[in-house]
Structures are given as C-alpha cells and as structure tokens.
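What the coordinates show
Residues per chain, in single letters:
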Amino acid sequence: MANKPTTSDLYPTPKVAAEVTAYSERNSTSLPKYLVDYHAWVEKSHPHATYMVSNLQAQSLVFFARAFGAKRILEIGSYVGYSALVWSHAVGQDGKVTGLEFSEDYAKIAREAFEKHGAKNVELIVGDALKTLSALKPEEPYDLIFIDAQKSGYPAYLRDILAGSQPGSATRLLRPGGIIIADNVLRRGLVADGSDDNPNWQLQRHVVSAEEDLVALREFNAALAGDERLEALLLPVFDGVGFARLLD
Ligand SMILES: C[S@@+](CC[C@H](N)C(=O)[O-])C[C@H]1O[C@@H](n2cnc3c(N)ncnc32)[C@H](O)[C@@H]1O
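The following paragraphs examine the structure supplied in this document. Bear in mind the structure is a predicted one, so any value in this text is a computation, not a measurement. (Residues numbered from 1 in each chain as written. Predicted model: local features only at pLDDT ≥ 70, side-chain atom pairs only at ≥ 80, totals over all residues. Heavy atoms only, no water.)

Observations regarding the site of the ligand
Our working rule: Put simply, a residue is near a molecule or strand once any heavy atom of it comes within 4 Å of that molecule or strand. Polar contact is the term for a pair of N or O atoms within 3.5 Å; when the atoms are in protein, one must be able to donate a hydrogen and the other to accept it, and sequence-neighboring residues count only if both atoms are side-chain atoms. The accessible surface values rely on the Shrake-Rupley method and a 1.4 Å probe; as for residues, cover is taken only from the protein chains in view. Note that Gly is not counted as nonpolar here; it falls among the polar residues with everything else outside the nonpolar set of Ala, Val, Leu, Ile, Met, Phe, Trp, Tyr, Cys and Pro and the charged set of Asp, Glu, Lys and Arg.
Ser83, Glu101, Asp128, Ala129 and Asp148 are the nearest of the 18 residues found near the ligand. A distance of 2.9 Å separates a nitrogen atom of the ligand from a polar backbone atom of Gly77. One of the backbone N or O atoms of Phe102 is found 3.0 Å from a nitrogen atom in the ligand. Protein chains shield 90% of the accessible area of the ligand, which is 610 Å² for the free molecule. Along the lines of polarity and charge, the residues of the shell around the ligand split into 10 nonpolar, five polar and three charged.

Written out as structure tokens, the structure reads:
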C-alpha cells in the first residue's frame, strides 16, 4: 500500500505552498482590516517583522480561542502587539488579554497600537517572563496561554505554568480544561530532523542560540506530551504549533 503523502509531497515547491497559504487565508473568516493593516505596517517598518504570527495563523488563533470559549488569555512574548491585538479581537471587550514582553521599546509600540485601535482589554507587563510569569497572581485563572517568546525559555515557562496551576490551589494560572498553545516548536523542522543535510540549517545557522533552542524545544515538546496532567497535540503547521489541554 502507498504511504500517506507528507507535507512536501502535497506542497512540493515554494510556489505551490505560497498559493495554498494564500488560498487558505482567503477561504477562512477574514480578520478585521485594522489587524491586516497593522501587520502590513509592522512588516514595512520594523526589522524583526518575521517575529509576528502570519495573518493566516492569526485567523487560526481567533478560531481556536473562540472554539475553546477562551475569554482570558495570557501571551508570553508580545513583540509590537500584533498577536495581542488578535487575541483582543478574539475575546471581545468583555474578555481580557495579558501580554508579557521583555522589551520596553516593543511594548511602547504595542501600547500605541492598542490605544489607536481601542483595545482596552489588553495589558502588557514589561520584564523578563522567566520572572514575571511565576509572579502573576491572576484574580481568575487564564483560559488559554500562548507561548511565543525566546525558545530557550519554553521548558521553564511550561514548568511555571504547571506549578502555578496546582489542583486545589487558591490562585491558578491556567484553569482546568485550559489550553496551552506554543509557537515555533518545530523550528523549520530542525527540532525533528537536526541532521546536517537538512537544508533549513542554512536559514538557522546565523542564529547564535540555534542549537540551544533546538535542545530546549525538544525538551518542551517531550514535557508537553509526557506530562500526565496534559493532553497534547503537536501539529506540523506554520512553524510547528504545540497544543495542550490541562486535565485537572
Ligand atoms: C516571536 S516574538 C512575539 C511575536 C508576537 N507574539 C506576535 O506574533 O506578534 C517574541 C517576543 O518575545 C520577547 N521575549 C524574548 N525573551 C523574553 C523574555 N525572557 N521575557 C519576555 N519576553 C521575551 C521578545 O522581545 C519578542 O518581542
């Protein structure tokens, strides 16, 4: 029997993959214009625009947040606020989004965007999330936590989330049934295939922390799949997206 096709069998050239992505974006519920415009503005004006999730990934985040019934979202790594604005749109004005961002400069740009677009339901906490995450004492636990900061920090973020979500404790970070979504967990496939003949090394070699990131992401993915308090799913879409549901 023939093997099931892999992603590269299905989308064998960059052109086909780009067409499929554009087609998928057009055939998904549209984002409001201000979000698409903000994404385009950041792409034009900021050197690290590739930090942002794509518009299609943003469409998927809105879909998932609403399908999960998420109203309270914590984001680790906000950059200039694009995905935070996306979450703000997803949860509506009766929801709440908290972003953790290291850079005061990025946070300033993000806050200007929140102000400009009337996103009153978003707050940013500036500082090292390796410290600010464990210090959070939310009045109500979050429904969804999105991890999108430095890759070497993912295992520690997961430990902090689980430690802060102990069953029965008065303050919890993530509610029972709450969802973790982690971005870039396959790092161009290098997490799964880090061999020298993986052509994607050419795109990653310049990253000083590339090897360290892969080690951390492998540890994170294994911890997500192996923790008995979590039900996990790793999807090879975008740059690899890890999902987990907290069982208790
Ligand atoms: C990939 S970008 C986030 C992009 C954003 N989620 C979006 O899609 O629009 C990662 C961000 O994490 C921030 N970051 C890196 N290390 C951090 C840390 N230790 N604590 C908080 N933020 C951190 C970086 O400054 C950067 O803005």
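Things to note about a nonpolar patch on the surface
This is how it is decided: The patches reported here contain residues having more than 30% relative accessible area and no salt bridge. Joining distances are 9 Å for like charges and 5 Å for nonpolar side chains (Val, Leu, Ile, Met, Phe, Trp, Tyr). Throughout this description, the term salt bridge denotes a Lys or Arg side-chain nitrogen within 4 Å of a carboxyl oxygen of Asp or Glu. In DSSP terms, a helix is any run of H or I states spanning at least four residues, a strand is any run of E spanning at least two, and both are numbered starting from the N terminus.
The grouping of Leu10, Tyr11 and Val16 at the surface amounts to a nonpolar patch, some 240 Å² of accessible area in total. The topology assignment puts Val16 in helix α2 (residues 14–26).

Focus: the pattern of salt bridges
Basically, it comes down to this: Relative accessibility under 20% of the residue-type maximum defines a buried residue, over 50% an exposed one, and the middle range a partly exposed one, all with a 1.4 Å probe and only protein chains included.
Counted by the stated rule, this structure contains 11 salt bridges. Where Arg111 meets Glu104, a salt bridge forms, and the shortest distance between an N and an O atom there is 3.7 Å. We classify Arg111 as partly exposed; its relative accessible area is 36%. Under the relative-accessibility criterion, Glu104 is labelled partly exposed at 48%. One salt bridge in this structure joins Asp148 and Lys151, with 3.4 Å as the shortest N-O distance. Both residues of the pair, Asp148 and Lys151, count as buried.

Some details on the packing of α2 against helix α4 (residues 55–67)
Convention followed: Helix axes are fitted to C-alpha atoms over the stretch in contact, other axes to C-alpha atoms as well, and angles between N-to-C directions run from 0 to 180 degrees. Orientation is classified from the angle alone, with under 35 degrees giving roughly parallel, over 145 giving roughly antiparallel, 65 to 115 giving roughly perpendicular, and any other angle giving oblique. By definition, turning the near helix anticlockwise from the far helix through less than a right angle yields a left-handed crossing, and turning it clockwise yields a right-handed one. A contact between two residues is defined here by any heavy atoms of the two lying within 4.5 Å.
One way to put it is that α2 packs onto α4 with a least axis distance of 9 Å and a crossing angle of 40°. The angle between α2 and α4 places the two elements in the oblique class. Crossing geometry of α2 relative to α4 is assigned as left-handed. Facing α2, whose interface residues are Thr21, Ser24 and Glu25, α4 presents Asn55, Leu56 and Gln59. Among the residues forming the contact of α2 with α4, the class breakdown is one nonpolar, four polar and one charged.

Thoughts on the nonpolar core
Applied cut-off: The term nonpolar core refers to a set of buried residues drawn from Ala, Val, Leu, Ile, Met, Phe, Trp, Tyr and Cys, joined through side-chain atoms within 4.5 Å.
Counting residues in each nonpolar core, the largest one holds 37 residues, and the members touching the most others are Tyr38, Tyr82, Trp87, Phe114, Leu144 and Ile181. Those elements that place two or more of their residues in this core are α3 (33–45), α4, α5 (82–91), α6 (104–116), β3 (122–126), β4 (142–147), β5 (174–183) and β7 (241–246). The biggest single contributor to this core is α5, with seven residues. The residues touching Tyr82, leaving out its near neighbours within four places in the chain, are Leu31, Leu35, Tyr38, His39, Met52, Val53, Ser54, Asn55 and Ala58.

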